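A closer look at the structure
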Amino acid sequence: MSILINASALPNIPWEPRPKTDRGSSPLWRYSGNPVIPRDLTAHSNSIFNSAVVPFKGGFAGVFRCDDTSRRMNIHAGTSANGINWSIENNPIDFIKCRDDQPDSEYKYDPRVVFVDDKWYVIWCNGYKGPCIGLGYTDDFKKFYMMENVTMPFNRNGVLFPRKINGRYAMLTRPSDSGHTPFGDIIYSESPDLEFWGRHRHVMSPAHFSQSAWQCTKVGAGPAPIETSEGWLLFYHGVLTSCNGFVYSFGAALLDLDKPWQVIARSRPYMIAPQESYELCGDVPNVAFPCAALADGATGRLAIYYGCADTVTSLAFGMVDEVADFITRNAL
Ligand code: BMA
């Protein structure tokens, strides 16, 4: 399939060719230097995972989930020249409220960063009487502003599209309950101003366990959708409930460009499931959770950042045409 990414060239995207020994059952392969971000990179971090990376000023910047040694969840800014070796602030981001009466944030986790129009928007799971979706922005990764919460509690997974669709901002979220929810569908919502959200549309539900068990408990959007000539490429996580608890893997789907709640195809097999020691062992075993993807519009290369076992951050690579091909040839 010939498929084009609607994004600029990114010649310095982190990259390593597929290993010759790879049996090729997935369109993605892991970086040989994984994990790229160790758990103790900052002075007080217990773990650094589920983090967001973007190209910035010829290098890379990001917002990182760092749980500290009191096991408080927060997000920190960081920079890197090559996307692999990172320098992350020791202190969490000190957001400036856009309005005085905005409620305080009790905790923050699972950030995404997306450039829309003229700013970098940060989306995260925000603590406000339970988890909901928080939104803010930055121009420089130094000063960050917090806007109104996107959702009421309970919702723990929010991802903004990188451009307006039909004239409105667009977001994928996963409404949930107050606990570690044993269910979850992906829902599309739109907004004229990033403050008031509506026109909610169902995108996808978990699969039936007899068809695709890795995604039979819940599904949630991963990195911001990537615009391609064949539709929005959405990497998403899926959860299986085993006798020992949840297992988080990820695959991908293609969504209609103008009506992104319409799924063109979604992969039945996973693309990455917890199999390496850093994915199998950690504070929460058996988790591979993607929150960011870099895309090179010139070559079709993709570099995906994913949290491993809620402890460290790793990289996986792929080519956009092989990923799209895999989705359509192995569609659920
Ligand atoms: C999800 C989120 C993630 C976490 C995962 C596995 O629901 O809370 O932060 O990686 O559970 O614990």
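Scroll up a little and you will see the structure.
Residues numbered from 1 in each chain as written. Predicted model: local features only at pLDDT ≥ 70, side-chain atom pairs only at ≥ 80, totals over all residues. Heavy atoms only, no water.

**Quick notes on helix α2 (residues 320–329)**
Rule in force here: Only protein chains enter the calculation, and the probe is 1.4 Å; a residue is then buried if its accessible area is under 20% of its type maximum, exposed if over 50%, and partly exposed in between. A helix here means a DSSP run of H or I that spans at least four residues, while a strand means a run of E at least two residues long, and both kinds are numbered starting from the N terminus. Directions drawn from the helix axis to the C-beta atoms are what define this arc. Contacts are assigned to residue pairs with any non-hydrogen atoms lying within 4.5 Å of each other.
Residues V320, V323, A324, F326 and I327 constitute the buried set of α2. Around the axis of α2, the buried residues are gathered within 160 degrees of arc, so they sit on the same side. Next to the buried residues of α2 lie β16 (226–228), β17 (231–242), β18 (245–255), β19 (263–266), β21 (301–308) and β22 (312–319).

**Some words on the environment of P55**
Assignment of secondary structure puts P55 in strand β2 (residues 45–56). Taking the C-alpha atoms as reference, P55 lies 9.6 Å from A295; in sequence the two are 240 residues apart.

**With respect to the sheet that holds strand β10 (residues 144–146)**
We apply this condition: Strand pairing is assigned whenever DSSP identifies at least 2 bridges connecting the two strands.
The strand order across the open sheet built from 5 strands is β6-β10-β9-β8-β7, with neighbouring strands paired in mixed fashion. Each edge of the open sheet carries a strand with a single partner, namely β6 (96–97) and β7 (108–116). Across 8 bridges, strand β8 (residues 119–127) lies against strand β9 (residues 131–138) in antiparallel orientation. Residue pairing across strands places I123 opposite L135, the latter belonging to β9.

**So, the sheet that holds β22**
Selection criterion: As a rule, the C-alpha atoms of each element are fitted with a line to give its axis, helices using only the stretch in contact, and angles between N-to-C directions run from 0 to 180 degrees.
What the 4 strands build is an open sheet, ordered β1-β22-β21-β20; its pairing is antiparallel. Only two strands of the sheet have a single neighbouring strand rather than two, namely β1 (29–30) and β20 (288–295). Relative to β22, β1 is paired through 2 bridges, and the arrangement is antiparallel. Bridge pairing in β22 places R30 opposite A316. Along the sheet face, α2 touches β21 and β22 and points at about 85 degrees away from the line of β22.

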